[in-house]
Amino acid sequence: MDSNDQAASPAGSELPAFETRSNPIVAATGEPLVVVDHVEKYYGDFHALKDINLTVNKGEVVVVIGPSGSGKSTLCRTINRLETIQSGEIRIDGKSLPEEGKALAALRADVGMVFQSFNLFAHKTILENVTLGPIRVRKQKKADADKAAKALLDRVGVGVQAAKMPAQLSGGQQQRVAIARALAMKPKVMLFDEPTSALDPEMINEVLDVMVQLAHEGMTMIVVTHEMGFARKAADRVVFMADGEIVEEATPEEFFTKPKSDRAKDFLSKLLTH
């Protein structure tokens, strides 16, 4: 996504529960960007991912949900090889995920990642955190990287914090910086691994609003989250996992109103009764 795009306010208006995205590029493009093909993952004897098959098309927002321990975060982390797999293949924009070395670093640069914890460099300013990757990896000139980073920080609503250190920001602000940092690399796809789980409740919406805006702008996103409101509001497709398997895939409306599997029905019933 181009950093010169018009700055977006982090304060998005509330959308009706099942309003479709305003400019979905969606699966209709038919251009696969992320392909997970018969992937198996073990931790010792524990079978964490069982024959996972998933295709995410350009411009599509896929939200992965499920009970704790279902393999959601493991799947997310295999897509940029933070976790190795035992068998199967993962392709990003037609290229198989390399084992290691420069080829892996180059491919990772196309895959933005936002974690539960913000992982900002504590000894660098907010601006420096965002420009580090573009300068070192993309070989941008510092002036160009600074300009782009300031535009991104404005876009996620923390532009006035650029000269501060991470410890001076709230958790929600730090996570928005982390999103800007990932966007600064101009990734082809953004991975979000429980991006709001470490935040206080009042900070969650300010991060989700930025993510909703990205979805509306057509960024390809794979989001692991417990935030069902976000799944309803921003997803093109909901992927429900349990026990290391993809149990069900559907549009948000189909999944939340007419789940097909007993596991999904049980999962949703527990959400509604607490």
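Residues numbered from 1 in each chain as written. Predicted model: local features only at pLDDT ≥ 70, side-chain atom pairs only at ≥ 80, totals over all residues. Heavy atoms only, no water.

S.K.: How would you sum up the overall build of the protein chain? Please name residues and give values.
M.R.: Along the protein chain, the regular secondary structure elements total nine helices and ten strands. Going through the 274 residues of the protein chain one by one, you find that 51% of them count as buried. (Helix = DSSP H or I, 4+ residues; strand = E, 2+ residues; numbered from the N terminus. Buried < 20%, exposed > 50% of the residue type's maximum accessible area, 1.4 Å probe, protein only.)

S.K.: Describe in detail the layout of surface pockets, supporting the description with residues and values.
M.R.: For the largest pocket, the calculated volume is near 590 Å³. Along the walls of the largest pocket sit 20 residues, with Arg108, Met113, Gly133, Arg181 and Met185 positioned nearest its centre. For the lining of the largest pocket, the elements supplying multiple residues, two or more each, are α2 (101-108), β6 (111-114), α3 (126-136) and α5 (171-183). Per-element accounting of the lining of the largest pocket gives the leading share, five residues, to α3. For the lining of the largest pocket, the residue count by class is 13 nonpolar, five polar and two charged. (1 Å grid on protein atoms, 1.4 Å probe; cavity = no way out; pocket = protein on both sides within 12 Å on 5 of 7 lines; lining within 4 Å. Points joined across faces, edges and corners; volume = space filled by probe spheres on them. Nonpolar A, V, L, I, M, F, W, Y, C, P; charged D, E, K, R; others polar.)

S.K.: Help me get a handle on the packing of α3 against helix α4 (residues 142-155), residues and values and all.
M.R.: One can describe the packing of α3 onto α4 by two numbers: an axis separation of 9 Å at closest approach and a directional angle of 125°. The orientation of α3 relative to α4 falls into the category oblique. Considering only the axes of α3 and α4, their crossing is right-handed. Facing α3, whose interface residues are Ile126, Leu127, Val130, Thr131, Pro134 and Ile135, α4 presents Lys142, Ala145, Asp146, Ala149, Lys150 and Leu153. (Axes fitted to C-alpha atoms, helices over the stretch in contact; angles between N-to-C directions. Parallel < 35°, antiparallel > 145°, perpendicular 65-115°, else oblique. Left-handed = near helix turned anticlockwise from the far one by under 90°. Contact = heavy atoms within 4.5 Å.)

S.K.: Help me get a handle on the confidence of the model for the protein chain, residues and values and all.
M.R.: For the protein chain, the mean per-residue pLDDT works out to 87, and 88% of the residues sit at or above 70. The model gives residues 1-28 a pLDDT under 50, and that stretch makes 65 contacts with residues more than four places away or in other chains. (pLDDT = per-residue confidence, 0-100.)

S.K.: Describe the pairing of strand β1 (residues 32-43), naming the residues involved and giving the relevant values.
M.R.: Moving residue by residue along a regular strand, the side chains alternate between the two faces of the sheet. With eight bridges connecting them, β1 and strand β2 (residues 46-57) associate as antiparallel partners. Among the inter-strand pairings, Val36 is bridged to a residue of β2, identified as Leu54. Counting the residues between successive antiparallel strands, the hairpin from β1 to β2 contains two residues, one of them, Gly44, with a positive phi of roughly 65°. Both β1 and strand β4 (residues 87-92) contribute to a ladder of five bridges, which runs antiparallel. Across the sheet, residue Val34 finds its bridge partner in β4, namely Ile92. (Pairing = 2+ DSSP bridges.)

S.K.: Go over the nonpolar core with me, naming the residues and quoting the values.
M.R.: Formed by 52 residues in total, the largest nonpolar core has its most connected members in Ile179 and Met221. In terms of residues, this core owes the most to one element, helix α6 (residues 201-216), which gives nine residues. Ignoring any residue separated from it by four or fewer positions in sequence, one finds Ile179 in contact with Val114, Met190, Phe192, Val207, Val210, Met211 and Leu214. By size, the runner-up hydrophobic cluster in this structure holds 27 residues, among which are Val36, Leu54, Val64 and Leu104. (Core = buried A, V, L, I, M, F, W, Y, C linked by side-chain atoms within 4.5 Å.)

S.K.: How would you summarise the sheet that holds β2 if you had to cite specific residues and measurements?
M.R.: Read from one edge of the open sheet, four strands run β2-β1-β4-β5, paired in antiparallel fashion. The two strands at the open ends of the sheet, each matched to only one other strand, are β2 and β5 (95-96).

S.K.: Help me get a handle on the pairing of β6, residues and values and all.
M.R.: Side chains Val111 and Met113 of β6 all project onto a buried face; the interleaved residues Gly112 and Val114 project onto the opposite face, where all are buried too. Pairing between β6 and strand β7 (residues 189-193): four bridges, direction parallel. Within the sheet, the bridge partner assigned to Val114 lies in β7 and is Phe192.

S.K.: Tell me about the packing of aromatic side chains, and name the residues and values.
M.R.: Considering all chains together, one arrives at three aromatic pairs under this definition. When the centroid spacing of 5.3 Å and the interplanar angle of 85° are considered together, the rings of Phe255 and Phe256 count as edge-to-face. Classification of Phe255 by relative accessible area gives buried; the value is 0%. Phe256 sits in the buried class, given a relative accessible area of 13%. In this structure, Lys41 packs its charged tip against the face of Tyr43, placed 4.5 Å from the ring centre. (Phe/Tyr/Trp six-rings, centres within 6.5 Å; stacked < 30°, edge-to-face > 60°. Lys NZ or Arg CZ within 6 Å of the ring centre and 35° of its normal.)

S.K.: Describe the sheet that holds β7, with residues and values.
M.R.: Pairing within the open sheet is mixed, and its six strands lie in the order β6-β7-β8-β3-β9-β10. Each end of this open sheet is capped by a strand with a single partner; those strands are β6 and β10 (245-250). Direction aside, the axes of adjacent strands within the sheet are offset by 20° on average. Relative to strand β9 (residues 237-242), strand β3 (residues 61-65) runs parallel, the two sharing four bridges.

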